[in-house]
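Per-entry structural report
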Amino acid sequence: MEGRILVVDDEEVVIKSCERILQPAGYDVKGVTSGEEAISVLKNGGFDLVITDLKMPGVDGMELIRWLRSHNPHAAIVVITGYPSQESIKEALQLGIVDYLPKPFSPELLLDVTEKAINTVKARKIEEKPLEEQDVENKIEEIMNAIRRHKNKPGALIPVLQSVQEILGYLPPTVQRIIAKELNLPVSEVHAVVSFYSFFSMKPKGKHNIRVCLGTACYVKRANEILAKLKELLRIEEGGITEDRRFSLETVRCLGACGLAPVVMVDHNTHGAVDPVKVGEIIKHYE
Ligand code: FES
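Residues numbered from 1 in each chain as written. Predicted model: local features only at pLDDT ≥ 70, side-chain atom pairs only at ≥ 80, totals over all residues. Heavy atoms only, no water.

1. With respect to the pattern of salt bridges
Evaluation of the coordinates by the stated rule reveals 12 salt bridges. Of the charged contacts, one joins R222 and E225 as a salt bridge, the two residues approaching to 3.0 Å between their closest N and O atoms. Residue E225 is classed as partly exposed on the basis of its relative accessible area, which comes to 36%. Residues participating in the shared-partner salt-bridge network are D9, E11, D53 and K103. (Salt bridge = Lys/Arg side-chain N within 4 Å of Asp/Glu carboxyl O. Buried < 20%, exposed > 50% of the residue type's maximum accessible area, 1.4 Å probe, protein only.)

Shown next, in the form of structure tokens:
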């Protein structure tokens, strides 16, 4: 069976036994002995399954699971624990762990749970089309109508891009390819125009778009802390969009309101003198 697995446990003996059992079954297994190490390895992605202990010094298993859910939601998670408390297992289940292994576990149980978890990841990968493809599929008729409306007019590209962006909210590569084909233009030309004009966007926007100013005046007043707090609260990275599509998060160089630094804009509303600790209060008002 194929799959890349990261085992996180402060007891090396647990890592060794996972390797001994899982590697002969065809899995690619890596072990680390702390949550901190796990996060630095997982930042590069590429793991299908994370098997983690819950109780570890420093970043513990629960913290690691929360981090994984916001940064790598596709990886399956299995918890290994000696003394599972009702509370921690309940929270871990709410965060979507596939299963848990009580210590000590038999080789059969480990193999069984691992196979189940890897199959879950494979099923998710098949089910999930990229967001942009789903968006384009859902609106394909409107998009094609917009293209047809402008197609035979001179200089059709910009009006087509504007209309399609109005329909979709952004212009992902999938739709750029459709436009290029319909207008008989090279994809590179469509892409160049989309990249050149700042009013075209290649990334989806949430219902509310948050822009954090990282210009000098804002930066010296802890704008980077505001950004970090928003990333943590929304569980997205810069340029990302929340799963419910309520918020998207961007950074900008200057919003022209340096006297109010540090500044955050939500949609067309300017929020000045933002306190990094209280930035959550601001976004609470946007439903
Ligand atoms: S530097 Fe932030 S508004 Fe100008």
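Once you've had a look at it, read on.
2. Quick word on the domain arrangement of the protein
Domain assignment breaks the protein into domain 1 (4-127), domain 2 (133-196) and domain 3 (208-284). Relative placement of domain 1 and domain 2: their C-alpha centres are 43 Å apart. (Domains from an automatic or database assignment.)

3. What about the sheet that holds strand 3 (residues 49-53)?
Read across the open sheet, the five strands follow the order 2-1-3-4-5; overall the sheet is parallel. The outermost strands of the open sheet, each flanked by one partner alone, are strand 2 (28-32) and strand 5 (99-102). Neighbour to neighbour, the strand axes of the sheet diverge by 20° on average, direction disregarded. Sheet contacts for helix 1 (residues 12-22): strand 1 (4-8), strand 2, strand 3 and strand 4 (76-81); angle to strand 2, the most-contacted strand, approximately 180°. Sitting on the sheet, helix 3 (residues 61-71) is in contact with strand 1, strand 3 and strand 4, with an inclination near 160° to strand 3. (Pairing = 2+ DSSP bridges. Helix = DSSP H or I, 4+ residues; strand = E, 2+ residues; numbered from the N terminus. Axes fitted to C-alpha atoms, helices over the stretch in contact; angles between N-to-C directions. Contact = heavy atoms within 4.5 Å.)

4. Remarks on the sheet that holds strand 7 (residues 247-252)
The sheet built from four strands is open, its strands ordered 7-6-8-9 with mixed pairing. The sheet is open, and its two borders are formed by strand 7 and strand 9 (269-271), each paired with just one other strand. Neighbour-to-neighbour, the strand axes of this sheet turn through a mean angle of 20°, independent of strand direction. The pairing of strand 6 (residues 208-213) with strand 7 spans six bridges and is classified as parallel. Bridge pairing links V212 to T251 in strand 7.

5. Thoughts on the side chain of H271
With respect to the helices and strands, H271 occurs in strand 9. At 2.9 Å, the side chain of H271 and the side chain of Y286 are in polar contact. Filtering out sequence-adjacent residues up to four positions away, H271 remains in contact with P262, V263, V264, V266, I282 and Y286. (Polar contact = N/O pair within 3.5 Å; in protein donor to acceptor, adjacent residues only side chain to side chain.)

6. Re the packing of helix 8 (residues 157-168) against helix 10 (residues 187-196)
For the pair helix 8 and helix 10, interaxial distance at closest approach is 11 Å and the crossing angle is 65°. One element, helix 8, and the other, helix 10, form an angle in the roughly perpendicular class. Helix 10 is crossed by helix 8, and the crossing has right-handed handedness. Together, L157, I158 and L161 of helix 8 and E189, V190, V193 and V194 of helix 10 make up the contact between the two elements. Along the lines of polarity and charge, the residues of the contact of helix 8 with helix 10 split into six nonpolar, no polar and one charged. (Parallel < 35°, antiparallel > 145°, perpendicular 65-115°, else oblique. Left-handed = near helix turned anticlockwise from the far one by under 90°. Nonpolar A, V, L, I, M, F, W, Y, C, P; charged D, E, K, R; others polar.)

7. Some remarks on the pairing of strand 4
Across a regular strand the side chains alternate sides, sitting on one face of the sheet and then on the other. Most of strand 4 sits inside the fold, with six of its six residues counted as buried. Burial along strand 4 is two-sided: the face carrying A76, V78 and I80 and the face carrying I77, V79 and T81 are both buried. In this structure, strand 3 lies alongside strand 4, joined through five bridges in parallel fashion. Bridging across to strand 4, D53 finds its partner in I80.

8. Some points on a nonpolar patch on the surface
Together, F196, Y197 and F199 make up a nonpolar patch on the protein surface, roughly 340 Å² of accessible area in all. Mapped onto the secondary structure, F199 falls in the loop between helix 10 and strand 6. Note on F199: relative accessible area 44%, which makes it partly exposed. (Patch = residues over 30% accessible without salt bridge, like charges linked within 9 Å, V, L, I, M, F, W, Y side chains within 5 Å. Areas by Shrake-Rupley, 256 points an atom, 1.4 Å probe, with all protein chains shown as cover.)

9. As for helix 7 (residues 140-150)
Among the residues of helix 7, those classed as buried are I143, M144, A146, I147 and H150. Down the axis of helix 7, the smallest arc covering the buried residues is 160°, so these residues share one side. Opposite the buried face of helix 7, by more than 90 degrees, sit the exposed residues E141, R148 and R149. (Arc of directions from axis to C-beta.)

10. Thoughts on the side chain of H208
Structurally, the position occupied by H208 is in strand 6. Given a relative accessible area of 10%, H208 falls into the buried group. Of note is the side chain of H208, whose polar atom sits 2.7 Å from the side chain of D267.

11. Examining the confidence of the model for the protein
Across the protein, the average pLDDT comes to 88, with 95% of residues at 70 or higher. The least confident element of the protein is helix 4 (residues 86-94), whose mean pLDDT is 75; the most confident is helix 11 (residues 216-219), at 96. (pLDDT = per-residue confidence, 0-100.)

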